[in-house]
Amino acid sequence: MPSEDTTLMTIEFLRDYASFGSRGHLLLVQAIEEKMRAVDDANAKKLLTVKIYQEFMSALEDLGALCIAIRHRDEGMGLVYNYLTYGQKQKKEGQFPHQPG
């Protein structure tokens, strides 16, 4: 069972994430969309569209990490730690496909 301090920190983190952290993807897509309207080159528009899709996938990954952190919030270090270390844990446990290089 998490301590009261951990619970309060988790609540504050989720409030901050909802009001600020999660908006980064949206703001970036809006900026790309604005650039797309100003560009006439079809190839440039295709690349910018790919960037929007990339940002969508990044937002989905963030959502997945948050869901996993919530699921494991009562194990060990709590929700905030689980969320912030999501990528390192997945890589350490071999859940990411092998990437060359």
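It should be emphasised that the depicted structure is a prediction, and the values quoted were computed from it without experimental measurement.

*Asks:* Which parts of the structure should I look at to understand the packing of helix α2 (residues 23-38) against helix α3 (residues 42-71)?
*Replies:* To describe two helices that pack against each other, one gives the angle between their axes and the distance between the axes. As a packed pair, α2 and α3 sit with axes 10 Å apart at the nearest point and diverge in direction by 170°. By the angle class used here, α2 and α3 are roughly antiparallel. Listed contacts from α3 to H25, L28, V29, I32, K35 and M36 of α2 are K45, L48, T49, K51, I52, E55, S58, A59 and D62. The class makeup of the residues in the contact of α2 with α3 is 7 nonpolar, 3 polar and 5 charged.

*Asks:* What's the story with the packing of aromatic side chains in this structure? I'm lost.
*Replies:* We describe a pair of aromatic rings using the distance from one ring centre to the other and the angle between the two ring planes. Throughout the structure, instances matching the rule amount to 4 aromatic pairs. Judged by centre distance (6.3 Å) and plane angle (25°), the ring pair of F13 and Y17 falls under stacked. Here Y17 and F13 lie together in helix α1 (residues 4-21), a separation of 4 residues that amounts to about one turn. The class for Y17 is buried, based on a relative accessible area of 16%. Centre to centre, the rings of Y17 and Y83 are 5.7 Å apart; their planes meet at 70°, and the pair counts as edge-to-face. Placement of the pair is Y17 in helix α1 and Y83 in helix α4 (residues 79-84), with a sequence separation of 66 residues. In this pair, the class of Y17 matches that of Y83, namely buried. Here the aromatic cluster, defined as three or more aromatic residues joined through ring pairs, consists of F13, Y17 and Y83.

*Asks:* Could you clarify how one ought to interpret the pattern of salt bridges in this entry?
*Replies:* As a working rule, side chains carrying opposite charge can pair if their charged atoms are close by. Evaluated as defined, the whole model comprises 1 salt bridge. We note a salt bridge from R37 to E33, for which the minimum N-O separation is 3.3 Å. Placement of the pair is R37 and E33 together in helix α2, with a separation of 4 residues, close to one helical turn.

Calculation notes
- Residues numbered from 1 in each chain as written.
- Predicted model: local features only at pLDDT ≥ 70, side-chain atom pairs only at ≥ 80, totals over all residues.
- Heavy atoms only, no water.
- Axes fitted to C-alpha atoms, helices over the stretch in contact; angles between N-to-C directions.
- Helix = DSSP H or I, 4+ residues; strand = E, 2+ residues; numbered from the N terminus.
- Parallel < 35°, antiparallel > 145°, perpendicular 65-115°, else oblique.
- Contact = heavy atoms within 4.5 Å.
- Nonpolar A, V, L, I, M, F, W, Y, C, P; charged D, E, K, R; others polar.
- Phe/Tyr/Trp six-rings, centres within 6.5 Å; stacked < 30°, edge-to-face > 60°.
- Buried < 20%, exposed > 50% of the residue type's maximum accessible area, 1.4 Å probe, protein only.
- Salt bridge = Lys/Arg side-chain N within 4 Å of Asp/Glu carboxyl O.

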